[in-house]
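Summary of the model geometry
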Amino acid sequence: MPDISDPQWLQLADAARRASANAHCPYSRFRVGAAVLTGDGGIAAGCNVENASYGLTVCAERSAVTRAVADGARSIEAVVVYTPTAEPVTPCGACRQVIAEFGRDARIRCICDGPGVLEFCAADLLPSAFPKSGSEL
Ligand code: THU
């Protein structure tokens, strides 16, 4: 598992909180922010972007991963997800699969407005993932 320093976790948490303010969520009114630490040490943030055709909504985690990849990243070491809730909320299944594509061992931290913090390894959130490794396809 990647070793993430305390200042890096703080930077990620700050970026995720700030990104949540940009959420486009007129339907759920649930603002989510996410920030990913890439293999080259960069940070990319994202927020949920909803759509009038509800199923087209993009979660904050996928928005952050997409942005990191567009910036040139090819691996992800850590993800922080922020929700404006009393308890931390974990990434949905689709986001778990997308995170695993770039960071099977990525560390995932879920933070909120309360004191609770949840932390996982991407592989623990998506056991027996498809595919076992990129080379199998
Ligand atoms: N949402 C995320 O951004 N991340 C998740 O992991 C789960 C849900 C968003 C999607 C939608 O805009 C809102 O939260 C309510 O589901």
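Residues numbered from 1 in each chain as written. Predicted model: local features only at pLDDT ≥ 70, side-chain atom pairs only at ≥ 80, totals over all residues. Heavy atoms only, no water.

1. A closer look at the sheet that holds strand β2 (residues 43-47)
Threshold: Two strands make a pair as long as DSSP finds a minimum of two bridges between them. Here a helix means four or more residues in a row that DSSP labels H or I, a strand means two or more in a row labelled E, and each is numbered from the N terminus. Note on geometry: axes are C-alpha line fits, over the in-contact stretch for helices, and angles between N-to-C directions span 0 to 180 degrees.
Reading across from one edge, β2-β1-β3-β4-β5 is the order of the five strands in this open sheet, with mixed pairing throughout. One side of each edge strand has no neighbouring strand; the edge strands of this open sheet are β2 and β5 (118-121). Strand-to-strand twist across the sheet, computed as the mean angle between neighbouring axes with direction ignored, equals 15 degrees. Where strand β1 (residues 33-38) lies against strand β3 (residues 76-82), six bridges are found, and the strand directions are antiparallel. Its bridge partner being in β3, Gly33 is matched across the sheet by Tyr82.

2. Brief notes about the pairing of β3
In plain terms, the rule: Burial classes follow relative accessibility: with a 1.4 Å probe on protein chains only, a residue under 20% of its type's maximum area counts as buried, one over 50% as exposed, and anything between as partly exposed. By the criterion used throughout, a crossover qualifies as right-handed when its path from the first strand across the helix to the second strand runs clockwise, the strands pointing away from the viewer.
Burial runs high along β3: six of the seven residues are buried. In this structure, β3 lies alongside strand β4 (residues 107-111), joined through five bridges in parallel fashion. By the bridge assignment for β4, Ala78 is matched with Arg107. Chirality of the crossover, the property in question, places the unit of β3, helix α3 (residues 93-102) and β4 among those that are right-handed.

3. Details of the pattern of salt bridges
Here is the rule we go by: By salt bridge we mean one thing: a side-chain nitrogen of Lys or Arg within 4 Å of a carboxyl oxygen of Asp or Glu.
Enumeration over the complete set of coordinates arrives at four salt bridges. The partner of Asp14 in a salt bridge is Arg18, and the shortest N-O contact between them spans 3.1 Å. Of this pair, Asp14 and Arg18 both sit in helix α1 (residues 6-20), four residues apart, roughly one helical turn. Note that Arg107 and Glu119 form a salt bridge whose closest N and O atoms lie 2.7 Å from each other. Separated by twelve residues along the polypeptide, Arg107 in strand β4 and Glu119 in strand β5 bring together distant segments of the chain. A relative accessible area of 33% means that Glu119 is categorised as partly exposed. In the salt-bridge network here, residues are joined through shared partners; they are Arg107, Arg109 and Glu119.

4. Observations regarding the packing of helix α2 (residues 60-70) against α3
To keep things clear, this is the line we draw: Working definition: roughly parallel below 35 degrees, roughly antiparallel above 145 degrees, roughly perpendicular at 65 to 115 degrees, and oblique for all remaining angles. Helix crossings get a hand from a simple test, with the near helix turned counterclockwise from the far one by less than a right angle marking a left-handed crossing and a clockwise turn marking a right-handed one. The contact definition used throughout considers only heavy atoms, calling two residues in contact when any of these lie within 4.5 Å.
Orientation of α2 relative to α3, taken along the N-to-C sense of each, is 25 degrees, at an axis distance of 9 Å. The orientation of α2 with respect to α3, classified from their angle, is roughly parallel. For the pair α2 and α3, the sense of crossing is left-handed. Contacts between α2 and α3 involve Glu61, Arg62, Val65 and Val69 from the former and Ala94, Cys95, Val98, Ile99 and Phe102 from the latter.

5. Let's talk about the environment of Phe102
Tracing the sequence through the fold places Phe102 in helix α3. For the pair Phe102 and Val65, spaced 37 residues apart in the sequence, the C-alpha separation amounts to 8.5 Å. Aside from chain neighbours lying at most four places away, what touches Phe102 is Val65, Val69, Arg74, Ser75 and Ile76.

6. So, α3
The test is simple: For this quantity, the arc is that covered by the directions from the helix axis to the C-beta atoms.
When we look at burial in α3, the residues that qualify are Cys95, Arg96, Ile99 and Ala100. Seen end-on, α3 carries its buried residues on one side only, within an arc spanning 135 degrees. Contacts made by the buried residues of α3 are with α2, β3, β4 and α4 (122-125).

7. Remarks on the pairing of β5
Pairing of β4 with β5, which is carried by four bridges, proceeds in the antiparallel orientation. Looking at β5, one finds that Arg107 is bridged to Cys121. Between the antiparallel neighbours β4 and β5 lie six residues.

Just geometry here; none of it tells us what the structure is for.
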